[in-house]
Amino acid sequence: MPDTIDEIDARLLQALGEDPRSTAVALAERLGLSRNTVQARLARLEQRGVLGSFERRIDPARLGYPLRAFVNAQVDQRRLAEIADALAEIPEVTEVCGLTGASDLMVQVVAVDADDLYRVAGHILASPGVERTNISLVMRELVPYRLAPLLERVHSAHPET
């Protein structure tokens, strides 16, 4: 099992989630910790890969890509690394996940409009090792990406901090 965060890390991550531009000094004051403690913990969280890319906070629609879709792909499993490399070369591919079940991959994509989505889907299908695709258009995001409830659970498990 990978290293998990403790309740202080959870409080720190909650505070960053609420105000991602907070300085270490501001976080230290808010949480009642020393600046050195905050800086050391932030460095450790970043080093361990707990803090992900800032890119997740950027809305593709604001970049001119308002359409979002999931492309489920059936692929030749023996060529998975080659397929992943090919998909990573398509700028509109924002995420690729390996799946169990009827589809092998779930490819999240963004597009300018329906014609652009058709073009992007064609690039995916033309990737070596991709055998079949099925596209699902995102009509509305009902629950946005979030981790605050999980951080709250970690923090509330140790309320004395």
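In case you missed it, the structure is sitting above this.
Remember, it's a predicted structure, so these values are computed and weren't measured experimentally.

Parameters at a glance
- Think of each chain on its own: its residues are numbered from 1, step by step along the sequence as written.
- Local features in this predicted model are restricted to residues of pLDDT 70 or higher, and side-chain atom pairs are both shown and tallied only at a pLDDT of 80 or more, whereas totals for entire chains, interfaces and linings draw on every residue.
- Hydrogens and water are ignored here; the side-chain numbers use all heavy atoms of the structure.
- Pairing between two strands is assigned when DSSP locates at least 2 bridges connecting them.
- A run of H or I in DSSP becomes a helix once it reaches four residues, and a run of E becomes a strand once it reaches two; helices and strands are each numbered from the N terminus.
- Helix axes are fitted only over the stretch in contact, all axes being lines through C-alpha atoms; the angle between N-to-C directions runs from 0 to 180 degrees.
- Any two residues having at least one pair of non-hydrogen atoms within 4.5 Å are treated as being in contact.

(A) How the structure looks around the sheet that holds strand 1 (residues 67–75). Ordered in space as 2-3-1-4, the 4 strands form an open sheet in which the pairing is antiparallel. At either end of the open sheet lies a strand with only one pairing partner, and these are strand 2 (93–98) and strand 4 (130–137). Averaged over all adjacent pairs, the angle separating strand axes in this sheet is 25 degrees, with direction ignored. Across 7 bridges, the pairing between strand 1 and strand 3 (residues 105–111) is antiparallel. Of the residues in strand 3, the one forming a bridge with Phe 70 is Gln 108. Sitting on the sheet, helix 4 (residues 80–88) is in contact with strand 1, strand 2, strand 3 and strand 4, with an inclination near 10 degrees to strand 3. Along the sheet, helix 5 (residues 114–126) contacts strand 1, strand 2, strand 3 and strand 4; its crossing angle with strand 4, the most-contacted strand, is approximately 155 degrees.

Bear in mind that shape data such as this cannot, by itself, settle questions of function.
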